[in-house]
Amino acid sequence: MPRKNAQDSQAIPSSQVLRRFRVVFNAIRSHFKQIEKQVGLGGAQVWALSVIRDQPGIGMGDLAKCMDVHQSTASNLVRALQQKELLRMDKDEHDKRHVHLYTTPAALALLAKVPGPLEGVLPAALDELSPQTLQRLDQDLAELITLLKADERAGSIPLAQL
């Protein structure tokens, strides 16, 4: 049954909004499947590689910030990429606890084959929205998250890993 708002006598049925969510999720899933099929890596790994390529020598904390993920998530991505010999990790000369990350030639060749956008279709699309639209979307999604009683810590998990 459609919900009615005092301001809007032509309320949109919740089923229509649900269909729109399905379209968004399907677009995201299709993009990540295409990436994985083409290059054999998950979307989050490709995104991490692209950030490291674009910022040679980036540290783990800055990588996590760029991807808006928890540092342990970034660390897990880096570990997997290092095992595949797609990146190099150099310890900082002054503080051995810090590392600098660099892509390998194999990673650069792999990234050249990836269908864009490298960060994923949703972040790229969100970057195209106006500030006013982003603000409305943020407020509306915050209300939905509250109704779902969802764990907001899930917001630091890349969509490609869900």
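Attention in this report is confined to the structure presented alongside it. Owing to the predicted nature of the structure, the values given are computational and were not obtained by experimental measurement. (Residues numbered from 1 in each chain as written. Predicted model: local features only at pLDDT ≥ 70, side-chain atom pairs only at ≥ 80, totals over all residues. Heavy atoms only, no water.)

## Some details on the overall build of the protein
Thought 1: Along the backbone of the protein there are 7 helices and 2 strands.
Thought 2: Beginning at the N terminus, the succession of helices and strands in the protein can be written as α-α-α-α-β-β-α-α-α.
Thought 3: Taking 15 Å as the expected radius of gyration for a compact globule of 162 residues, we find that the protein reaches 19 Å, considerably beyond that expectation.
Thought 4: With 162 residues in all, the protein has 28% of them scored as buried.
Thought 5: In the protein, once contacts between residues fewer than 6 apart in sequence are set aside, the share between residues at least 24 apart is 54%.
Thought 6: Per element, the accessible surface of the protein, about 11300 Å² overall, is 54% carbon and sulfur.
Thought 7: When the 20 basic and 18 acidic side-chain charges of the protein are each reduced to a single mean position, those positions are 8 Å apart. (Helix = DSSP H or I, 4+ residues; strand = E, 2+ residues; numbered from the N terminus. Rg over C-alpha atoms; globule rule 2.2 N^0.38 Å. Buried < 20%, exposed > 50% of the residue type's maximum accessible area, 1.4 Å probe, protein only. Contact = heavy atoms within 4.5 Å. Areas by Shrake-Rupley, 256 points an atom, 1.4 Å probe, with all protein chains shown as cover. Lys, Arg positive; Asp, Glu negative; His and termini not counted. Charge placed at Lys NZ, Arg CZ, Asp CG, Glu CD.)

## A closer look at the pattern of salt bridges
Thought 1: Evaluated as defined, the whole model comprises 4 salt bridges.
Thought 2: Put simply, Arg 88 and Asp 90 hold a salt bridge, and the shortest N to O gap is 3.0 Å.
Thought 3: Its relative accessible area of 42% is what places Arg 88 among the partly exposed residues.
Thought 4: Of the residues examined, Asp 90 reaches a relative accessible area of 27% and is grouped as partly exposed. (Salt bridge = Lys/Arg side-chain N within 4 Å of Asp/Glu carboxyl O.)

## Here we look at unusual backbone geometry
Thought 1: Pro 117 follows Gly 116 through a cis peptide bond whose omega is -5°.
Thought 2: Here Pro 117 is to be found in the loop between helix H5 (105-113) and helix H6 (121-128).
Thought 3: We note that Glu 85 has phi near 60°; this positive angle belongs to a residue other than glycine.
Thought 4: With respect to the element layout, Glu 85 can be found in the loop between helix H4 (71-83) and strand S1 (87-91).

Nothing here speaks to function; it is geometry throughout.
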